[in-house]
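Close look at the chain arrangement
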Amino acid sequence: MSEGEKKQKVLVVVTHGPEDLDRTYAPLFMASIAASMEYETSVFFMIKGPKLLDKKWQEEERKKGGNPFIHFFDMAKDNGVKMYVCVQSLKDMCHMNESDVVDGVEIVGGSTLIDLLFDADRALFF
């Protein structure tokens, strides 16, 4: 990328949680790939997605080992992917508190998704 050239932005939206774990691997894998390709990459967790960010759940999964979501989540963070969680989904759909969310995830309102969508060059919904 030449100097002064704007980085393209990719937004990945995660709507599934631990109850449908197979559908959670690809979003974080794709976000990691996009970030490693030097796209400015964001992931937005909503609907049941916030459950994946629960400190206790992640801690249990790390103890068990072998969960691809945890591997791809860590890879995405290591690659500089920005992570957001919808506070309305967090509280109303997942019955979680803001203090339950793992570090490094920004807690935002639903309107942030609209802002991210209009700012993104490409968006993937899972």
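Scroll up a little and you will see the structure.
Read on for a plain summary of the structure. (Residues numbered from 1 in each chain as written. Predicted model: local features only at pLDDT ≥ 70, side-chain atom pairs only at ≥ 80, totals over all residues. Heavy atoms only, no water.)

Scanning the chain for helices and strands turns up five helices and five strands. Computed over its C-alpha atoms, the radius of gyration of the chain comes to 14 Å, within 12% of the 14 Å expected for a compact globule of 126 residues. For the chain, the residues scored as buried account for 43% of the 126 residues in total. In the chain, the proportion of contacts linking residues at least 24 apart, taken out of those at least 6 apart, comes to 72%. For the chain, the exposed surface amounts to about 7000 Å²; the carbon and sulfur share of it is 51%. Of the charged side chains in the chain, 15 are positive and 21 negative, and the gap between their average positions amounts to 3 Å. (Helix = DSSP H or I, 4+ residues; strand = E, 2+ residues; numbered from the N terminus. Rg over C-alpha atoms; globule rule 2.2 N^0.38 Å. Buried < 20%, exposed > 50% of the residue type's maximum accessible area, 1.4 Å probe, protein only. Contact = heavy atoms within 4.5 Å. Areas by Shrake-Rupley, 256 points an atom, 1.4 Å probe, with all protein chains shown as cover. Lys, Arg positive; Asp, Glu negative; His and termini not counted. Charge placed at Lys NZ, Arg CZ, Asp CG, Glu CD.)

Within the span of helix H3 (residues 68-78), buried status applies to Phe69, Ile70, Phe72, Phe73 and Ala76. Along H3, the residues classed as buried sweep out an arc of 170° about the axis, all on the same side. Among the structural elements, helix H1 (25-36), strand S2 (40-45), helix H2 (55-64) and strand S3 (82-86) are those in contact with the buried residues of H3. The residue sitting at the N-terminus of H3 and contributing the capping side-chain oxygen is asparagine 67; that oxygen lies 2.7 Å from the backbone nitrogen of phenylalanine 69. In the segment just after H3, glycine 80 is the residue with positive phi, at about 85°. (Arc of directions from axis to C-beta. Polar contact = N/O pair within 3.5 Å; in protein donor to acceptor, adjacent residues only side chain to side chain.)

Looking at where tyrosine 84 falls in the secondary structure, it is placed in strand S3. Judged by its relative accessible area of 12%, tyrosine 84 is buried. Tyrosine 84 has contacts with Ser42, Val43, Phe44, Phe45, Val105, Glu106, Val108 and Leu116, leaving out every residue within four places of it along the chain.

Functional significance is not addressed by these values, which are geometric in nature.
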